[in-house]
2 protein chains.
Amino acid sequence: MSNDTPYKIYLPESALPTSWHNLRAKMKALPDPMLHPGTMQPCTKEDLLPVFCEELVDQELNTTDEYIKIPEGIQDFYKMYRPSPLVRAKWLERELDTPAEIYYKFEGNNTSGSHKLNSAAAQVYYAKEQGLTSLTTETGAGQWGTALAMACAYYRVALSVYMVKISSEQKPFRKMVMETYGASVVPSPSDTTEAGRKILAEHPTTGGSLGCAISEALETAMKTDNCRYVLGSVLNHVLLHQSVIGLETKAALEMYGIEPDIIIGCAGGGSNFGGLISPFMAEKIAGKKDYEFIAAEPASCPSFTRGRYAYDFGDTGRTTPLIKMYTLGCGFIPSPNHAGGLRYHGMSPILSKLYCDGYLKARSYIQSDVFDAAALFAKCEGTLPAPESAHAIKCALDEAVKCRETGEKKVILFGLTGTGFFDLSAYDSYNKGLLTDYAPSDADLEKSFAELIALR
Amino acid sequence: MSNDTPYKIYLPESALPTSWHNLRAKMKALPDPMLHPGTMQPCTKEDLLPVFCEELVDQELNTTDEYIKIPEGIQDFYKMYRPSPLVRAKWLERELDTPAEIYYKFEGNNTSGSHKLNSAAAQVYYAKEQGLTSLTTETGAGQWGTALAMACAYYRVALSVYMVKISSEQKPFRKMVMETYGASVVPSPSDTTEAGRKILAEHPTTGGSLGCAISEALETAMKTDNCRYVLGSVLNHVLLHQSVIGLETKAALEMYGIEPDIIIGCAGGGSNFGGLISPFMAEKIAGKKDYEFIAAEPASCPSFTRGRYAYDFGDTGRTTPLIKMYTLGCGFIPSPNHAGGLRYHGMSPILSKLYCDGYLKARSYIQSDVFDAAALFAKCEGTLPAPESAHAIKCALDEAVKCRETGEKKVILFGLTGTGFFDLSAYDSYNKGLLTDYAPSDADLEKSFAELIALR
């Protein structure tokens, strides 16, 4: 970093990417395809059209084009809040007394408060172009639902959000934001769907899970005219849209001649981490650079670090296509004591393949360590991070402290995916010493794994 | 605006102002001085030192230096979130089909969510430099308290916040944010002070007011060793710190050759509006430019449009110096039905003098119109505004609609002081049609005015 480098690097608006980066076009071995659960054959475009709008299906299946144009109607939306800043965490570096340089790409400077808006805008735009009148989705912490509500208000498409019940109780204000943008919010599991009623019958006191909310949203989409389902993570087209994060980050770093050694992201379904690393990973695959990639996940929902690489359903109701991914089993529901987000049982198939093939590492963290990192970050850098994002902060802190011990001047880059404005119940518990740490037992996981479909 | 002008103008970090702008040095007639309530003589530096730290007292009384240097320790803090963006509201212009150009200076891109951080950083820095170990303050909507908690965490000074009780109930998450940054939060009126106990005895069910919380914070500061009181609005030194808003705005406009015709800000105590207009008003006073300045205030707390220009106490407990300002009377407590913020009974003495001398206009708005404007803005521009800020939005909308009717291509600039993340109870009421409009009766105001001290 030169002396002229600002602490917050804002790319000029004219440098907003005009294409997304499709990493699959550069992967030496592709992820295994989604399978139709009836035929066990790879899903075709026709299989997916009843669920997703057509352009998204094309993107989901596109493994050949490295760059896919961002329509002007989406670029126009992006300009409301992008390019997002790349920030030098100099206050944190000073606190840690580390020789490392720490940078973070901050995606929280928009009302939805997270990176999810990048894919929400794209998915609603295509739905509108196709003439759809309504969409359904699920949301966990509420970031995806809020982002989608904003995009639906802008493009004028109706929206029903199935919100994980425990989150809707912990985050009532998230619900109010979605409603302010015109969305209808249903706590899940609910009695409005067969999937919901089934889960309620088996687990009447459950706080819900993303997998369960997905089942409900899918069922509603299939039963409603001119309606489709949209998903905020995991899928290939979502990672594609999120590549705008990585493209901007790379352009900002190159503008100032900064070369990262380590690139870190939190990983729930993988959309932010996949988007952040996309153009960097293409360089690593091509042998041009040797970045170290680290996915940071919660110990209570450790898909990478303790999951199996196998075919599994994307939802608890077992209605989706089968996806080859690192998974804890679609029946896995994280402890309600887990306040840190990233509650999904599976992981992006693209990231799963890269992990399996040794291109990236993963680490898991207990939530008390994660909140410690979050509070330190907030006090030093001003921004209150989302607990999800704080997993990446914890990992970056550990790496920076290692540098202090070894004297290495590594350049650490991480994704700060969002703000913690709507996670204050969790922070309140943390402040009061009420957070408890949790990790599933081996026996629990074995039970969950037993139902996986081990095809390859 | 040329075609090359971005929608969001970010000044380079190197253009961060290095001095604040002290408008009093350019005013042809100065505001009347604060008076000591015992002697009725102008307050001296010595009178103010027990309450405020020394550097702030010097700034409060400085009427001669047009520019006052921003210490590097404060510039360093500012760089965490400044320069803030100046945004072209092109999505709103399209929605309104107006020939007007609308710009807003957005101060919400920081965790406190508002412009209040600009003065909080300065005040805590000087307290730390003076060797103080704790501060007290009051907060209404919670923006000031949050900002101060962030600054106190950064500079490591202890903080007690007296929070208007109705706000602490409507905005529990604001309290949690302050606590996350390490502050102690007391709902006001409380039984921890004589002032609080007195008000509780007279009005046991009151939701509190800023004036009352100020009395409590002041009393605690005076009774605690090595402690001072800090205030987030009204006072001259607060407007001085907020001039960073106007200085950046002016630099950004000049960079792209944009000349505003109308400059609008919401006005509670006046800090944001005073800071925004400071360098522009200096030009108007000097006869160089003829900007139209409009202060937007709530109909339920209409200091400018229905208040009297007179000496009054700054607090309900009648413990502060006497301030010559537009005021509704220090006994005035706005209706608890008022959800839109800007609840203070008085107005900055600088702005009051300018208003009295005809340099600026004021308009008042009922809250249902303000929330309509807020919701439209959120859907068009993405950002969910604070209800306070939405008063300025409403005023800007009205002006833009006028331009549509007359065909005039005016350039409208307004201050978007903050985000509505912590005002969701109010938005929830609005969404459910439960907001009611309120304005004090003439009889109520006359009763309140009867106690004013009419010295000049």
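Every chain's residues receive numbers from 1 upward, in the order its sequence appears when written. By the order in which they are written, chains take letters starting at A while ligands take numbers starting at 1. Restriction of local features to residues with pLDDT of at least 70 applies here, the model being predicted, together with a cutoff of 80 or more for giving and counting side-chain atom pairs; totals for whole chains, interfaces and linings are based on all residues. The side-chain numbers reported here are obtained from all heavy atoms of the structure, hydrogens and water having been left aside.

Enquirer: I'm lost on the overall build of chain A in this one. Help?
Expert: Along chain A, the regular secondary structure elements total 18 helices and 15 strands. Every radius of gyration here is taken over C-alpha atoms, with the globule rule written as 2.2 Å times N^0.38, N being the number of residues. Relative to its length of 456 residues, chain A is compact, with a C-alpha radius of gyration of 20 Å against a globular reference of 23 Å. Expressed along its principal axes, the backbone C-alpha trace of chain A runs to roughly 60 × 50 × 45 Å. The buried label goes to any residue with under 20% of its type's maximum accessible area, the exposed label to any with over 50%, and the partly exposed label to all in between, with areas taken from a 1.4 Å probe on protein chains only. Residues classed as buried in chain A amount to 67% of the 456 residues present. In chain A, 76% of the contacts between residues at least 6 apart in sequence involve partners at least 24 apart. Just so you have it, chain A exposes about 14,900 Å², and 49% of that area is on carbon and sulfur atoms. Helix numbers and strand numbers start at the N terminus; a helix is a DSSP run of H or I with at least 4 residues, a strand a run of E with at least 2. Whether two residues touch is decided by their heavy atoms; if any such pair falls within 4.5 Å, the residues are in contact. Shrake-Rupley sampling with a 1.4 Å probe provides the accessible areas, and residues are treated as covered by the protein chains on show and by no other component.

Enquirer: I keep staring at the packing of aromatic side chains and nothing clicks. Help me out?
Expert: The geometry of an aromatic ring pair is captured by the separation of the ring centres together with the interplanar angle, meaning the angle of the planes. The pairing test for Phe, Tyr and Trp rings, Trp by its six-membered ring, is centres within 6.5 Å, and the orientation test on the planes gives stacked under 30 degrees, edge-to-face over 60, and tilted for anything in between. Summed over all chains, the structure comprises 45 aromatic pairs over all chains. Judged by centre distance (6.3 Å) and plane angle (75°), the ring pair of Phe377 of chain B and Phe414 of chain B falls under edge-to-face. Of the two residues, Phe377 of chain B sits in helix H15 (residues 367-381) while Phe414 of chain B sits in strand S15 (residues 411-416), which places them 37 residues apart along the sequence. Within the aromatic cluster, the residues linked to one another by ring pairs are Phe77, Tyr78, Tyr81, Tyr125, Tyr126, Tyr154 and Tyr155 of chain A. When the NZ atom of lysine or the CZ atom of arginine is within 6 Å of a ring's centre and also within 35 degrees of its normal, the charge is said to sit over that ring. In this arrangement the basic side chain of Lys90 of chain A is found over the ring face of Tyr7 of chain A, its NZ or CZ atom lying 4.2 Å from the centre. Its end group placed over the ring of Tyr309 of chain A, Lys324 of chain A keeps NZ or CZ at 4.6 Å from the ring centre.

Enquirer: Can you help me understand the side chain of Gln242 of chain B in this one?
Expert: Position of Gln242 of chain B relative to the elements: it lies in helix H11 (residues 236-255). Excluding residues that lie within four positions of it along the chain, Gln242 of chain B makes contacts with His115, Lys116, Asn118, Ser119, Ser271, Gly275 and Leu276 of chain B.

Enquirer: Would you explain the sheet that holds strand S4 (residues 86-88) of chain B in this entry?
Expert: Either a parallel or an antiparallel arrangement is found when strands of a sheet pair, and the pairing is made through backbone hydrogen bonds. All names here are of chain B. In this description, strands pair whenever DSSP reports at least two bridges between them. Spatially, 7 strands are ordered S1-S4-S5-S15-S10-S11-S14 in an open sheet, and the strand pairing comes out mixed. The open sheet has two free edges, formed respectively by strand S1 (8-9) and strand S14 (361-365), since each of these has just one partner strand. Where strand S5 (residues 101-106) and S15 come together, 6 bridges link them in parallel fashion. When the bridges of S15 are listed, Tyr104 appears paired with Phe414. Between N-to-C directions, angles span 0 to 180 degrees; the directions come from axes that are lines fitted to C-alpha atoms, helices contributing only their stretch in contact. Helix H16 (residues 387-406) rests against S5, strand S10 (262-266), strand S11 (292-298), S14 and S15 of the sheet, and its axis sits at about 150° to S10.

Enquirer: Mind showing me how you'd approach the confidence of the model for chain A here?
Expert: In low-pLDDT regions, the fine details of the predicted coordinates are not to be read closely. The predictor attaches a confidence to each residue, called pLDDT, with possible values from 0 through 100. Chain-level statistics for chain A give a pLDDT mean of 94 and a share of 99% at 70 or above. Among the prediction metrics, the complex's ipTM stands at 0.91, with pTM recorded as 0.94.

Enquirer: Explanation requested: the domain arrangement of chain A in the structure shown.
Expert: Accessible area lost upon the coming together of the parts is a frequently used measure of interface size. All names here are of chain A. According to the domain assignment, chain A contains domain 1 (8-15 + 71-113 + 242-455) and domain 2 (19-66 + 114-229). What counts as a domain boundary in this text is fixed by an automatic or database domain assignment. The centre of domain 1, based on its C-alpha atoms, is set 20 Å off from the matching centre of domain 2. Across the domain 1/domain 2 interface, buried area totals approximately 4,700 Å², and carbon plus sulfur atoms make up 63% of it. The working definition used for a salt bridge is a side-chain nitrogen of Lys or Arg within 4 Å of a carboxyl oxygen of Asp or Glu. For the pair domain 1 and domain 2, the interface holds 1 salt bridge. In this structure, the salt-bridge partner of Asp32 is Lys324, at a minimum N-O distance of 2.7 Å. What qualifies as a polar contact is a pair of N or O atoms within 3.5 Å, subject to a donor-acceptor requirement within protein and to the restriction that residues adjacent in sequence count only when both atoms come from side chains. Scanning the region where domain 1 abuts domain 2 turns up 23 residue pairs in polar contact (both at pLDDT 80 or more). Those elements giving two or more residues to the side of domain 1 that touches domain 2 turn out to be helix H3 (72-78), helix H11 (236-255), helix H12 (271-285), strand S12 (308-313), strand S13 (322-327) and helix H14 (349-356). Broken down by element, the side of domain 1 that touches domain 2 gets its largest block of residues, 7 residues, from H12. Summed over both partners, the accessible surface that disappears when two parts come together, traced with a 1.4 Å probe, is what is meant by buried area.

Enquirer: When you look at the sheet that holds strand S6 (residues 134-139) of chain A in this model, what are you seeing that I'm missing?
Expert: Residue and element names in this part refer to chain A. Pairing in this open sheet of 4 strands is parallel, and the strands run S8-S7-S6-S9 from one edge to the other. Where the open sheet ends on each side, the last strands, each with one partner, are strand S8 (184-188) and strand S9 (227-229). Ignoring which end each strand starts from, the neighbouring axes of this sheet average 20° apart. Across 5 bridges, strand S7 (residues 158-164) lies against S8 in parallel orientation.

Enquirer: Help me understand the nonpolar core, please; the structure alone is not making it clear to me.
Expert: As a rule of thumb, nonpolar side chains are buried together in soluble globular proteins. Think of a nonpolar core as a cluster: buried Ala, Val, Leu, Ile, Met, Phe, Trp, Tyr and Cys residues, connected wherever their side-chain atoms sit within 4.5 Å. Of all hydrophobic cores here, the largest spans 244 residues; its most connected members are Trp20, Leu354 and Phe414 of chain A together with Trp20, Leu354 and Phe414 of chain B. Excluding anything up to four places from it in sequence, Leu354 of chain B contacts Leu23, Met27, Met281, Ile285, Tyr359 and Leu360 of chain B.

Enquirer: What is the right way to read the environment of Leu360 of chain B from this model?
Expert: All names here are of chain B. Its location among the elements puts Leu360 in the loop between helix H14 (349-356) and S14. Overall, Leu360 belongs to the buried group, its relative accessible area being 5%. Residues Leu360 and Tyr291, 69 residues apart in the sequence, show an inter-C-alpha distance of 9.2 Å.

Enquirer: Explanation requested: the interface of chain A and chain B in the structure shown.
Expert: Contacts between chain A and chain B engage 44 residues on the former and 44 residues on the latter. Roughly 4,100 Å² of surface becomes buried between chain A and chain B when both sides are summed, with 58% attributable to carbon and sulfur atoms. When the buried area of chain A at its contact with chain B is split by residue, Phe173, Thr180 and Phe421 of chain A rank highest and sum to 17% of it. Where chain A touches chain B, the interface holds 8 salt bridges.

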